[in-house]
Protein chains: 2
Amino acid sequence: MSEVRTLKVALLGCGNVGAQVARILIDDAEALAARSGARLELSGIAVRNVDTPRDVELPRELFTTDADTLVKDADLVIELMGGIEPARSLILTAIQNGACVVTGNKALLAQDGPTLYEEADKAGVQLSYEAAVAGAIPILRPIRDSLSGDRITRVLGIVNGTTNFILDQMDSTGAQFADALAEAQRLGYAEADPTADVEGHDAAAKAAILASLSFHTRFSLDDVYCEGITKVSAEDIASAKEAGFVIKLLAIAEKIDSSDLGSGISVRVHPTLLPREHPLAAVRGAFNAVFIEAENAGELMFYGQGAGGTPTASAVLGDLVSAARRLVLGGPGRTETTTGHVPALTIDASNTSYYIGLDVADQAGVLARIAHIFAENGVSIEIMRQTIHRDSASKVESAELKIVTHRASEAALAATVEAVKGLDVINSVTSVLRVEGV
Amino acid sequence: MSEVRTLKVALLGCGNVGAQVARILIDDAEALAARSGARLELSGIAVRNVDTPRDVELPRELFTTDADTLVKDADLVIELMGGIEPARSLILTAIQNGACVVTGNKALLAQDGPTLYEEADKAGVQLSYEAAVAGAIPILRPIRDSLSGDRITRVLGIVNGTTNFILDQMDSTGAQFADALAEAQRLGYAEADPTADVEGHDAAAKAAILASLSFHTRFSLDDVYCEGITKVSAEDIASAKEAGFVIKLLAIAEKIDSSDLGSGISVRVHPTLLPREHPLAAVRGAFNAVFIEAENAGELMFYGQGAGGTPTASAVLGDLVSAARRLVLGGPGRTETTTGHVPALTIDASNTSYYIGLDVADQAGVLARIAHIFAENGVSIEIMRQTIHRDSASKVESAELKIVTHRASEAALAATVEAVKGLDVINSVTSVLRVEGV
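Keep in mind the model is a prediction, meaning the values are calculated, not measured. (Residues numbered from 1 in each chain as written. Chains lettered and ligands numbered in written order. Predicted model: local features only at pLDDT ≥ 70, side-chain atom pairs only at ≥ 80, totals over all residues. Heavy atoms only, no water.)

As for the overall build of chain A
Moving on, step 1. Counting its secondary structure elements, chain A contains 14 helices and 18 strands.
Moving on, step 2. Taken against the 2.2 N^0.38 rule, which gives 22 Å for 438 residues, the C-alpha radius of gyration of chain A at 25 Å falls within 12% of a compact globule.
Moving on, step 3. Its C-alpha atoms give chain A principal-axis dimensions of about 90 × 45 × 35 Å.
Moving on, step 4. A buried classification covers 58% of the 438 residues belonging to chain A.
Moving on, step 5. Put simply, of all contacts in chain A between residues at least 6 apart along the chain, 73% involve residues at least 24 apart.
Moving on, step 6. Roughly 16,800 Å² of accessible area belongs to chain A as shown, and the carbon and sulfur atoms make up 47% of that amount. (Helix = DSSP H or I, 4+ residues; strand = E, 2+ residues; numbered from the N terminus. Rg over C-alpha atoms; globule rule 2.2 N^0.38 Å. Buried < 20%, exposed > 50% of the residue type's maximum accessible area, 1.4 Å probe, protein only. Contact = heavy atoms within 4.5 Å. Areas by Shrake-Rupley, 256 points an atom, 1.4 Å probe, with all protein chains shown as cover.)

As structure tokens, this is what we get:
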């Protein structure tokens, strides 16, 4: 190891993930050097306040508030500050100085990824961000490299551990959303302000990144339809469960090629029913998984821990070692392809099955009238099941109708639901949920 | 696309996978060119007999029996002939001529991989083989690149679809091995001579490759302990099922660091009990999956189709596009690291839980005598369950004892079983199986 080169690594941010990255860079220096072909020297850690207590004990002299100077002197820059600025400017400075950049900043990538990718391509440096989607799970590299000779047709991802934990709690205990959220907060799976998770914003940023890589076209957050889980009720979950489904918040990117709906990519995040036997249905608690359908490969699933300091640090270090190998061997930085020019479609172009729950009057002919409305709107019914609730004197108290449709467009479904609501025999529409995996 | 370079691709072999690779190279030429940055021209297909009928209609003029000439004129060589020779010599010729090589030849890699890797390193060309393990599932690249900053501690793989199909059939229908094998042969999941699959040889070759990449050390087939599924009985499976387990043929590579057993890597293939709630337990039919435990990333699983012409072609083409990108951008070929010097351990160093089924006499004190033998041999019992079978007159016909141990060494277990067999109260030892995932 006499002639081994040293590469300077600047770390920006020292939160949950950053602190673990720093620890591993120091503790595992020898193994990382062997794998990279270069000594990876942590040259400094830029933070807002040097005196903030950290999760991990780290040498005090590494800390600095001067991120600019640190970045300008680095071969490799790891950005784990989060947020748009100053992360964006610092990454651009690093790229312009010829440093390779590793980031986990999904919000920045979803908002301004295209600028960053172009700058990195121009400078011939590598910009990698495996940690931005599904934490420890190697998913971006397999999509970009391993599937580069195939055509991905659909990606379904459980990419937010907080919402998966909440939905899983609701499913297993029958809890309402608010109670499951409180439990998640108590256990540290949800933040005090859970908006970004429960409204689906975090998943939407990841959906934009997954769609961009899967379809070789750059999609931003604006292209993603987003609906969170705050309106999912214990009754929705119980009713789905009875019908053999589980409700998951899915990030979906799929190729649509239809004469009515248009051709392009539908990118969306919404609560979705999955049959209990679907591989994604078994993803419990705070775990993440991404299910990919490709023309040749068929169905693939990638499963693992989606968050947490140490697991996410694993993804960051994988990117770092790969970038270091490239630098040592003198290879090119550019490995992304964005040769596609497919448009992003709105939610109206999505074409899925729907699950509809109705509270109806028990009158002769109700089923026929409802079925007629579905047919008129071009929505084909796959399963219709009526449950009658009677009181102790066997008089009908209410009737519940559950319908699973064949694939239909969002617009046709919306028109159907509107028309059904207008029927005098309908007391209420209790659920309208999308179904995948059937 | 005016100045696009053309890379000549030689295909060696045109079986199930090769024919699909050729079809995709021709049909998807435009997309592959966009992703590679070069036109990938299929310059020829070397076969033993030009007139053999193929699964796919391909231009007759592409076929040749002169593999040598074809290879010498290629930029990229895809080897899908299988077997040791002439595959080995042709790959070496390709490497020495500066061509990048993509192969799916697990037998060759497991037997003589080190020579091939070294020659490729020397020549600065890329040798990739994603298709050799778990067909369509991107598993080698994630291990090599994405987990390069982590330390893998254990790999458990269902890497042979034939045996998984057979065990799954036995589990769901109660069939004996011979009947499930016949069904697999009827459906095309098993070959007329199923030896390589059912004796575990195919899985052992894949275990050697997985172990080499996971532990940065070159292991060959000789380092792998191998036990197939021919001795697994319907009774073993029923008994395991009753206890909450499923039996899978696992390829296992794990780090052992023990004062008694030694330090190194245990690489082995054998029928293994897994708890029904383990993610690998849900891998049904001919699907494959690889479960990885890493120090930082935690638990990861990769799931998909392990065989079949089209799925495996996806893996071959992913490697081909990646190699082409490297050639176009002028990067280095070498991306593998074998910096480790850890020894392969024999099966005696493995340290797992065991499941033992005993047919015992129903006498007072039997349990105590058996427990005493386990304790004497240093094998700790986790669960012991006795089931008494009585005839119609309520007389005891037989008693069945099921024992799950804590982790113990192979040697301690073997000594325990020998000593138990010597007891006069033991009618027979009905099962001795290893358990993982508890």
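What about the interface of chain A and chain B?
Moving on, step 1. Opposite the 50 residues of chain A that make contact, chain B presents 50 residues.
Moving on, step 2. Both sides of the chain A and chain B interface together cover about 4,300 Å² of buried area, and 53% of this is carbon and sulfur.
Moving on, step 3. The tally of links between chain A and chain B comes to four salt bridges.
Moving on, step 4. Here B:Asp145 makes a salt bridge to A:Arg325, at a shortest N to O gap of 3.1 Å.
Moving on, step 5. Here chain A is connected to chain B by 20 residue pairs in polar contact (both at pLDDT 80 or more).
Moving on, step 6. For the side of chain A that touches chain B, the secondary structure elements donating two or more residues are α1 (16–27), α2 (29–36), α6 (140–146), β12 (298–305) and α12 (309–329) of chain A. (Buried area = accessible area lost by both parts, 1.4 Å probe. Salt bridge = Lys/Arg side-chain N within 4 Å of Asp/Glu carboxyl O. Polar contact = N/O pair within 3.5 Å; in protein donor to acceptor, adjacent residues only side chain to side chain.)

Some words on the packing of aromatic side chains
Moving on, step 1. Counted according to the given criterion, the structure contains eight aromatic pairs over all chains.
Moving on, step 2. Seen in terms of ring centroids, A:Phe302 and B:Phe302 are 5.8 Å apart; in terms of plane orientation they differ by 80 degrees. Their pairing is edge-to-face. Of the two residues, A:Phe302 is situated in strand β12 and B:Phe302 in strand β12 (residues 298–305); the pairing between them involves two chains.
Moving on, step 3. Judged by relative accessible area, which is 0%, A:Phe302 ranks as buried. (Phe/Tyr/Trp six-rings, centres within 6.5 Å; stacked < 30°, edge-to-face > 60°.)

Here's the deal with the relation of the copies chain A and chain B
Moving on, step 1. Under the fitted operation, chain A is carried onto chain B by 0.0 Å of movement along the axis and a turn of 180 degrees, and the coordinates agree to an RMSD of 0.0 Å. Those values place the two copies in the arrangement expected of a two-fold rotation axis.
Moving on, step 2. Counting the interface residues of chain A, we find that 100% of their copies in chain B are interface residues as well, pointing to one common contact surface. (Least-squares fit on C-alpha atoms with pLDDT ≥ 70 in both.)

Here we look at the environment of A:Val77
Residue and element names in this part refer to chain A.
Moving on, step 1. Note on placement: Val77 falls in strand β4 (residues 76–79).
Moving on, step 2. The spacing of Val77 and Thr103 is 26 residues in sequence and 8.3 Å in space, taken between C-alpha atoms.
Moving on, step 3. The contacts of Val77, once residues within four sequence positions are left out, are Ala10, Leu12, Val71, Ala94, Ala99, Cys100, Val101 and Val102.

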